[in-house]
Amino acid sequence: TQLLEQSPQFLSIQEGENLTVYCNSSSVFSSLQWYRQEPGEGPVLLVTVVTGGEVKKLKRLTFQFGDARKDSSLHITAAQPGDTGLYLCAAFTMNRDDKIIFGKGTRLHILP
Amino acid sequence: SQTIHQWPATLVQPVGSPLSLECTVEGTSNPNLYWYRQAAGRGLQLLFYSVGIGQISSEVPQNLSASRPQDRQFILSSKKLLLSDSGFYLCAWSQGLAGVGEQYFGPGTRLTVT
């Protein structure tokens, strides 16, 4: 059974601080996505990484896919209250019925 | 551009009553469609997915069922709701084999079974 482990489960930090959250697995994936979800809404896709070692930046967010395509990290620089939310990673493997597995998420709270 | 709709947005139903949640997608053809349930603001539990009209795969045996009567329409149903069916239900779509697994979610339906 493929599993995605996200850590930490909860994180509360002050505005302006930096943080990193992780998404780990023992399986190799074709691609990995990061989503952000706000209360009462559906998750919103932030980024997809496909190539081992790939780094993508989205303003203050930096996403990295591990060299072996088994893990990923999300780093936020100078966190702002608008970054508050549930961050979910999801992984996709071709030839597995087009199903996608999700981690349980990291709940991030940025204190003003 | 593609959009995905879900309704109703919120629903309060008594135990034992039927359920029908609808999801429609615009702006794409032959999408993969998914129903998820999310409890307590945590991870997503995949309930059903469909790769085409009339093709439904169930991930979790329970009193829910799904149907796909049209290419861009996905319906989640129950004949008799249980208290444990309460939760946040999300519909999502993705491209089929041409995609890389990116999913696009609807706004969700908050179901409370009383």
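Let me begin by describing the structure that accompanies this report. Just so it is clear, the model here is predicted, and its values are computed rather than measured.

**Some details on the overall build of chain B**
Counting secondary structure elements, chain B contains zero helices and 11 strands. Going from N to C terminus, chain B has its helices and strands arranged as β-β-β-β-β-β-β-β-β-β-β. Against the globule reference of 13 Å for 114 residues, chain B gives a C-alpha radius of gyration of 13 Å, in line with a compact fold. The principal-axis extents of the C-alpha atoms in chain B amount to approximately 40 × 25 × 20 Å. Taking the intrachain contacts of chain B between residues at least 6 apart in sequence as the baseline, contacts between residues at least 24 apart amount to 55%. Of the accessible surface of chain B, which amounts to about 5,200 Å², a share of 55% is contributed by carbon and sulfur atoms. One finds the centroid of the 7 positive side-chain charges in chain B at a distance of 9 Å from the centroid of its 6 negative side-chain charges.

**A look at the pattern of salt bridges**
Pairs can form between side chains of opposite charge whenever their charged atoms are close. Residue and element names in this part refer to chain A. Applying the stated criterion across every chain yields a total of four salt bridges over all chains. The partner of Lys56 in a salt bridge is Glu54, and the shortest N-O contact between them spans 3.8 Å. The salt bridge involving Arg60 is made with Asp83; its shortest N-O contact spans 2.9 Å. Residue Arg60 is found in the loop between β6 (55-58) and β7 (61-65), and its partner Asp83 is found in the loop between β8 (71-76) and β9 (85-92); the two are separated by 23 residues along the sequence. What makes Asp83 buried here is its relative accessible area of 3%.

**Quick notes on the packing of aromatic side chains**
Applying the stated rule across the entire model yields nine aromatic pairs over all chains. Centroid distance A:Phe102 to B:Tyr36: 5.5 Å. Interplanar angle 80°. Geometry classified as edge-to-face. With A:Phe102 in strand β10 (residues 100-102) and B:Tyr36 in strand β4 (residues 32-38), this pair bridges two chains. Each of the two residues, A:Phe102 as well as B:Tyr36, counts as buried. Arranged with centres 6.1 Å apart and planes meeting at 25°, the rings of B:Trp35 and B:Phe74 form a pair that is stacked.

**What to know about the nonpolar core**
Residues A:Leu19, A:Leu32, A:Trp34, A:Phe63, A:Leu74 and A:Ile76 are the most contacted members of the largest nonpolar core, which totals 22 residues. The set of elements that each furnish at least two residues to this core consists of β3 (19-24), β4 (31-37), β5 (44-49), β7, β8, β9 and β11 (106-111) of chain A. B:Leu19, B:Cys23, B:Leu47 and B:Ala66 belong to the second-largest nonpolar core, a separate cluster that totals 20 residues.

**Here's the deal with the environment of B:Tyr104**
Within the element layout of this structure, B:Tyr104 appears in strand β10 (residues 104-105). Between the C-alpha atoms of B:Tyr104 and B:Gln70, which are 34 residues apart in sequence, the distance is 19 Å. For B:Tyr104, the contacting residues outside a window of four places in its chain are A:Leu45, B:Ile4, B:Cys91, B:Ala92 and B:Trp93. At 3.2 Å, the side chain of B:Tyr104 forms a polar contact with the side chain of B:Glu102.

**Overview of the interface of chain B and chain A**
Many authors give the size of an interface as the accessible area that is lost as the parts come together. With 24 residues of chain B at the interface, the matching set in chain A holds 24 residues. Connecting chain B to chain A are zero salt bridges. At the boundary of chain B and chain A, one finds four residue pairs in polar contact (both at pLDDT 80 or more). Of all the secondary structure elements, the ones that give two or more residues to the side of chain B that touches chain A are β4, β5 (44-52), β9 (87-94) and β10 of chain B.

**Some words on the environment of B:Ser77**
Residues and elements named next belong to chain B. Secondary-structure assignment places Ser77 in strand β8 (residues 73-78). Distance in space between the C-alpha atoms of Ser77 and Pro18 is 7.4 Å, their sequence separation being 59 residues. Other than its neighbours up to four places away in sequence, Ser77 contacts Leu19, Ser20, Asn63, Leu64 and Ser65.

Here is what the cut-offs are and how they apply
- Position labels on residues start from 1 in each chain and follow its written sequence.
- Numbering of ligands from 1 and lettering of chains from A proceed in the order in which they are written.
- Whole-chain, interface and lining totals are the exception, using all residues; otherwise, since this is a predicted model, local features are given only for residues with pLDDT of at least 70 and side-chain atom pairs are given and counted only at 80 or more.
- Excluding hydrogens and water, the side-chain figures rest on all heavy atoms present in the structure.
- Secondary structure elements follow DSSP: runs of H or I of four or more residues count as helices, runs of E of two or more count as strands, with numbering from the N terminus.
- In this treatment the radius of gyration is a C-alpha quantity, and the globule benchmark scales as 2.2 Å times the residue count to the 0.38 power.
- Contacts are assigned to residue pairs with any non-hydrogen atoms lying within 4.5 Å of each other.
- Using a 1.4 Å probe, accessible areas were evaluated by the Shrake-Rupley method; residue-level cover was limited to the displayed protein chains.
- Counted as positive: Lys and Arg. Counted as negative: Asp and Glu, with His and the chain ends omitted from the count.
- Working definition for charges: the position is that of NZ of Lys, CZ of Arg, CG of Asp or CD of Glu.
- Think of a salt bridge as a Lys or Arg side-chain nitrogen and an Asp or Glu carboxyl oxygen that are within 4 Å of each other.
- Buried, partly exposed and exposed residues are distinguished by accessible area as a fraction of the type maximum, computed with a 1.4 Å probe on protein chains only: under 20%, between the cut-offs, and over 50%, respectively.
- Two aromatic rings, drawn from Phe, Tyr or Trp (for Trp, its six-membered ring), form a pair once their centres lie within 6.5 Å of each other, and the interplanar angle then sorts them: stacked below 30 degrees, edge-to-face above 60, tilted otherwise.
- Within this scheme, the nonpolar core is defined by two criteria: the residues are buried Ala, Val, Leu, Ile, Met, Phe, Trp, Tyr or Cys, and they are joined through side-chain atoms within 4.5 Å.
- Whenever two N or O atoms come within 3.5 Å, that pair is a polar contact, provided that in protein one can donate a hydrogen and the other can accept it, and provided that, for residues adjacent in sequence, both atoms are side-chain atoms.

These values are about where atoms sit, not about what they do.
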